[in-house]
Amino acid sequence: MSDAEDVAESVFGSSVERREDVPLLKGEATYTDDIDLPEMTHLAIRRSDHAHARIVDVDTSDAEAMDDVVAVFTGQDVEDSGIPNAIPTAWDLPNLVQPKYRILALEKVRHEGDGVAAVVAESRHAARDAVDRIDVEYEELDHVTEPRDAVERDVPEVHEEATDNVGFDFELGDADAVDEAFADADHTASVDLRLPRIIPNAMEPRAAVADWDATTEEMRIWMTSQNPHLHRMLMAAATLGIPENKLQVIAPEVGGGFGSKIYHYPDEAVTGWASMQVERPVKWQATRSESYQTDCHGRDHDTTAEIAVDDDGTVRGLRVETYAGLGAHLSQFGSATPSYLYTTVLSGQYQIPAIHARVVGAFTNTTPVDAYRGAGRAEGIYVIERAMDVAARELDVDPVGLRKHNLVPSEDFPYESAAALVYDSGEYEHGMDTALDHVDYEALRERQAELREEGRYIGIGVASFVESAGLSPSEAAGNLGSQAGGWESAIVRFDSTGTVTLFVGTADQGQGHRTTYAQIAAEELGVSMDDIEVVEGDTDRIPQGMGTYGSRSASVGGGAVARGAREVREKARRIAAHQLEASVDDIEFSDGEFHVAGAPDRSMHIQGIAHQAYLGHDMPDDMDPGLEVTNFYDPENFTFPFGTHVAVVEVDPDTGEIDIQQYVGVDDCGEIINPMVVEGQVHGGIAQGIGAALFEGASYDEDGHLETRRMDEYAVPHSTQLPDFETDNTVTPSPHNPIGVKGVGESATIAGTPTLVAAVADALEPFDVDHLDIPITPETVWRATGGGE
Amino acid sequence: MREITLTVNGQRHELTVEPRTLLVTALREELDYRGANVGCETGRCGACTVRQDGDAIKSCTRFAVQADGATIETVEGLADDDELAPIQEQFQENHGLQCGYCTPGMLMTADTFLRDADDPSREEIRDAIEGNLCRCTGYHNIVDAIEATADQLGETE
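Residues numbered from 1 in each chain as written. Chains lettered and ligands numbered in written order. Predicted model: local features only at pLDDT ≥ 70, side-chain atom pairs only at ≥ 80, totals over all residues. Heavy atoms only, no water.

A. Structural view of the pairing of strand E19 (residues 488-494) of chain A. Residues and elements named next belong to chain A. Taken across its seven residues, E19 has six buried, putting it largely inside the fold. Bridging between E19 and strand E25 (residues 628-633) involves six bridges; their strand directions are antiparallel. Considered in E25, the bridge of Val-492 is made with Val-629. Relative to strand E20 (residues 500-504), E19 runs antiparallel, the two sharing five bridges. Directly across from Ile-491, in E20, lies its bridge partner Phe-503. Hairpin connection, E19 to E20: the antiparallel pair is bridged by five residues, and Gly-498 has positive phi, about 105 degrees. (Buried < 20%, exposed > 50% of the residue type's maximum accessible area, 1.4 Å probe, protein only. Helix = DSSP H or I, 4+ residues; strand = E, 2+ residues; numbered from the N terminus. Pairing = 2+ DSSP bridges.)

Have a look at this one:
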């Protein structure tokens, strides 16, 4: 890495305790709802009770007459104010239908939860009471909630401009080559896969506090954001029309995101707009039910996958067709997630010469769908891993053996897959063997056979994954339709007294950036972590940023920190050379100290140089004073974390119960900044992966109402439903990342679901079950094994 | 409106609340104890867990008026000024928190559980925190932290 590497105990790579923790543990951290401003009012939103209806009339008079109500606004009021009022997509596709997405509905509501009107009142109670007194007259329309139905059946159109509800019809790969492979191959197998909607369930529901200053025409908005700069840009350009240089967005402590806090939702814009109308601060805090109705859901895929394979186990081709629900509105990455983020990982860890995928994005009368932890990659890996297991059944071979036969060999990197990605580096078989060693795979198979003789059914599920992380480079993403950059920015600033401040454009929601970024800078600069502060989540303090999503912060944000620190170090080296009267080439750096080669007593510490740089009394002739760098790091490629997870379950066919006996996750996220933090990310990821496999899933009833509308109706896994996890890492650095990091935020969620499904299907092999759709509940198992027949 | 008295972390407060005001709302908004968080308002997530007269309770499931005269302990009362309580220290050491939103409630449930638990098994710990949801950690490290606290407390007894 750097020439600071000879520091005895490197802070980079060690399990430093998190500096975030103490205020969180003491209940002193400030989340958005903890912010109270003088004269603050409270906003509540009246939401559609219908899946699909024409708005005939909105009568606000009763609500307006209530005590403590400051104002009531309708969608028409917002429209009449002349603001841009159109939430845009962040990813264009050929022929993508982009219906106007207003911050309050006008004329029509398209899903239960669409905002129709808003109340501003003196208290939260008063606002919520008044919302119920708004009288909305609707003319109900037929609705559709299933993506395949939306396109194939004779159902109403959610948006007039989207014929047959098709938002896009996307293809990737070579259809002819796939047809040929299927014609030639010894075997083909297919599997239908329904991935239900996942509700992200960040523990903190979304919220916003807006404070408009009518005198200066400046707006400050605190909000639950994974990317305050993106929110600033979108509110400036697309919804509120406030100049970007008069709009400050702050993400204070944020209680989890998992994708759901990436997007620009109507609610924060309504809150901001309302503050402009009443000229007082306004707070909106979602209830959990509001979150369930309006936080973008994840997944919602209805897929048919076919795989072609030869007698010797060689995979020849993969053909995938997916109907992907977009929900009622196009959210920012609603088009990118089921198209590029999904289809480009369909090759998984395998050499598959021919791949073709078609994805139809369908509008439905449901909550918008967008990226949820694993976004697109989770769905894609699920497809290839289920297809590999089904192929193994077809050939009657061990699923691990089939996988190993097709792995991309280590010597083939960089590897260009038939799904249009170039994988940076990988040691796939090593990762797989490491995971299998943890469970003693061969012995486990023998035990499984013995137990089956006794009428007991254990299953061994193995799933491998590759994740495309840190979406980049900007130019390539732009060529594919992205309306955002793939870079991240960091300011690395030595303060005049020698402390360091890092201003980074990502935004933490529990990942521990303030610790890990400081570890990176401490390593690069040879400065104690105690002297390094990290600032995130405030557009007035950090000029630019892209935010935290897509497993990008450690690799792209961390990359920007490292590159910025190296530039700063090089400037300091030149100042040292000048003041020590030596040639720059003769200045060596270790542990924060610059010294002249061969003369260790002629030295200056980098923190002392910082002081000199701000004095500016004795600088090299061609150098400006100061010691800070702004670095925009635009990676040359994605990074590709990978790994293999193994689950051992015992299934009771009589009761349908699934007991997870062992869960092993082996992840390779490249270089590891903080093993404790990485392990935490993997644990949480596994939990969400298992949750989707066994428990979770949102559903709509026949009237288009969300059935899973509260936490007692949607199964967020609790402590007794999850096992202890065994985790391990292999380390294959990314060759193009400045610190060799690949990212780890989503890996285990991607792996967890196919691993569990494989385990249950494996347990039920004697019942001729080769696949079960998720969530696999006891009832699912009981029916699949002949219960009730 | 009703006048009630709450003793919170040793400090007596008199306040006036609407009969429908939840205990968590009174603590957070009337008395400014912001540690307990609101995650669901239906008693499911446990982020609002506090101790009332020695029992861990979900403060969104009862009205403030029902707690009239009660002794309440919140997460703010766990640490002794700058010195973290053993349960807090162990949550940090074992990385038992990420976003921190569930943490105040999780700590109060765990701390209350450990008052009576003697050398609890991991299964017993999992049972004890079943009513507190965490979406970040997968619970493994939370169980580690509680187990380590139990060990630590067992050694000092």
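B. The arrangement of the domain arrangement of chain A in detail. Residues and elements named next belong to chain A. Domain annotation of chain A identifies domain 1 (21-28 + 487-633), domain 2 (32-141 + 205-254 + 261-294) and domain 3 (298-471 + 637-784). For domain 1 versus domain 2, the separation of C-alpha centres amounts to 39 Å. Taken together, the contact pairs 18 residues of domain 1 with 15 residues of domain 2. Summed over both partners, the interface of domain 1 with domain 2 comes to about 1,300 Å²; 49% of that surface belongs to carbon and sulfur atoms. Across the contact surface, domain 1 and domain 2 share zero salt bridges. (Domains from an automatic or database assignment. Contact = heavy atoms within 4.5 Å. Buried area = accessible area lost by both parts, 1.4 Å probe. Salt bridge = Lys/Arg side-chain N within 4 Å of Asp/Glu carboxyl O.)

C. Region of interest: the nonpolar core. If you look at the biggest cluster of nonpolar residues, it comprises 174 residues, and the most contacted ones within it are Leu318(A), Ile690(A), Leu756(A), Ile87(B), Phe91(B) and Ile146(B). The element contributing the most residues to this core is helix H11 (residues 377-395) of chain A, with eleven residues. If near-sequence neighbours (up to four positions away) are discounted, Leu756(A) is found in contact with Ala647(A), Val649(A), Ile660(A), Tyr663(A), Ile690(A), Ala693(A) and Leu694(A). Listed in part, the 47 residues of the second largest apolar core include Ala521(A), Met529(A), Ala572(A) and Ala577(A). (Core = buried A, V, L, I, M, F, W, Y, C linked by side-chain atoms within 4.5 Å.)

D. Local environment of the interface of chain B and chain A. With 47 residues of chain B at the interface, the matching set in chain A holds 54 residues. Summed over both sides, the interface between chain B and chain A buries roughly 4,400 Å², with carbon and sulfur atoms accounting for 52% of that surface. Here chain B and chain A share ten salt bridges between them. In this structure, Arg28(B) and Asp34(A) form a salt bridge, with 2.7 Å as the shortest nitrogen-oxygen distance. The interface formed by chain B and chain A contains 34 residue pairs in polar contact (both at pLDDT 80 or more). (Polar contact = N/O pair within 3.5 Å; in protein donor to acceptor, adjacent residues only side chain to side chain.)

E. Structural view of the pattern of salt bridges. Residue and element names in this part refer to chain B. Under the defined criterion, the tally for this structure stands at 67 salt bridges over all chains. For Asp-144, the salt bridge goes to Arg-122, with nearest N and O atoms at 2.8 Å. Here Asp-144, found in helix H5 (residues 140-156), pairs with Arg-122, found in helix H4 (residues 122-128); they are 22 residues apart in sequence, far enough to count as distant. Grouping residues by exposure puts Asp-144 and Arg-122 together as buried.

F. Representation of the packing of helix H2 (residues 86-93) of chain B against H5(B). Residues and elements named next belong to chain B. H5 packs onto H2 with a crossing angle of 135 degrees between their chain directions and a minimal axis gap of 8 Å. The angle between H2 and H5 places the two elements in the oblique class. Seen from above, H2 lies across H5 with right-handed handedness. Counted together, Pro-86, Ile-87, Glu-89, Gln-90 and Phe-91 of H2 and Ile-142, Ala-145, Ile-146, Ala-148, Thr-149, Gln-152 and Leu-153 of H5 form the full contact between these two elements. Taken together, the residues of the contact of H2 with H5 sort by class into eight nonpolar, three polar and one charged. (Axes fitted to C-alpha atoms, helices over the stretch in contact; angles between N-to-C directions. Parallel < 35°, antiparallel > 145°, perpendicular 65-115°, else oblique. Left-handed = near helix turned anticlockwise from the far one by under 90°. Nonpolar A, V, L, I, M, F, W, Y, C, P; charged D, E, K, R; others polar.)

G. Spotlight on the sheet that holds strand E7 (residues 166-173) of chain A. All names here are of chain A. Ordered in space as E7-E15-E14-E13-E8, the five strands form an open sheet in which the pairing is mixed. The sheet is open, and its two borders are formed by E7 and strand E8 (187-198), each paired with just one other strand. Pairs of neighbouring strands in the sheet enclose a mean axial angle of 10 degrees, with direction left out of account. One ladder, built from seven bridges, connects E7 with strand E15 (residues 354-363); its direction is antiparallel. Paired with Glu-171 across the strands is Arg-358, a residue of E15.

H. The arrangement of a negative patch on the surface in detail. Residue and element names in this part refer to chain A. Judged by side-chain charge, Asp-57, Asp-59, Asp-62, Glu-64, Asp-77, Asp-80, Asp-135 and Glu-137 come together as a negatively charged surface patch. At the level of elements, strand E2 (53-59), helix H2 (61-64), helix H3 (75-80) and strand E6 (135-140) are the ones that each hand at least two residues to the negative patch. By secondary structure assignment, the location of Glu-64 is in helix H2. Residue class for Glu-64 comes out partly exposed when judged on its relative accessible area of 41%. (Patch = residues over 30% accessible without salt bridge, like charges linked within 9 Å, V, L, I, M, F, W, Y side chains within 5 Å. Areas by Shrake-Rupley, 256 points an atom, 1.4 Å probe, with all protein chains shown as cover. Lys, Arg positive; Asp, Glu negative; His and termini not counted. Charge placed at Lys NZ, Arg CZ, Asp CG, Glu CD.)

I. Region of interest: the domain arrangement of chain B. Residues and elements named next belong to chain B. Domain annotation of chain B identifies domain 1 (2-77) and domain 2 (86-156). Taking the mean C-alpha position of each, domain 1 and domain 2 sit 22 Å from one another. If you look at the interface, domain 1 gives 18 residues, while domain 2 gives 15 residues. Both sides together, the interface formed by domain 1 and domain 2 hides about 1,200 Å², and carbon and sulfur atoms give 53% of it. Taken together, domain 1 and domain 2 are joined by two salt bridges. Between Arg-115 and Glu-73 there is a salt bridge, and its shortest N-O distance comes to 3.6 Å.

J. Just the packing of aromatic side chains, in detail. All names here are of chain A. Taken as a whole and assessed by the stated rule, the structure comprises 16 aromatic pairs over all chains. Between Phe-333 and Tyr-549 the ring centres are 6.0 Å apart and the planes differ by 35 degrees, which places this aromatic pair in the tilted class. In this pair, Phe-333 is assigned in the loop between strand E14 (315-327) and helix H10 (340-343) and Tyr-549 in the loop between strand E21 (532-535) and helix H17 (553-579), connecting sequence segments 216 residues apart. Accessibility expressed as a relative area gives 8% for Phe-333, which makes it buried. (Phe/Tyr/Trp six-rings, centres within 6.5 Å; stacked < 30°, edge-to-face > 60°.)

K. Structural detail: the sheet that holds strand E1 (residues 2-8) of chain B. All names here are of chain B. The strand order across the open sheet formed by five strands is E2-E1-E5-E3-E4, and the pairing between neighbours is mixed. Lying at the two open borders of the sheet, with one neighbouring strand each, are strand E2 (11-17) and strand E4 (55-58). Looking at each pair of strands side by side, their axes are set apart by 40 degrees on average, direction ignored. As paired strands, strand E3 (residues 49-52) and strand E5 (residues 71-73) are joined by two bridges and run antiparallel to one another. By the bridge assignment, Gln-52 is partnered in E5 with Ile-72. Strands in contact with helix H1 (residues 23-30) are E1, E2, E3, E4 and E5; relative to E2, the strand with the most contacts, it is inclined by about 105 degrees. Its contacts with the sheet place helix H3 (residues 103-116) against E3, E4 and E5, and it is angled at close to 40 degrees to E3.

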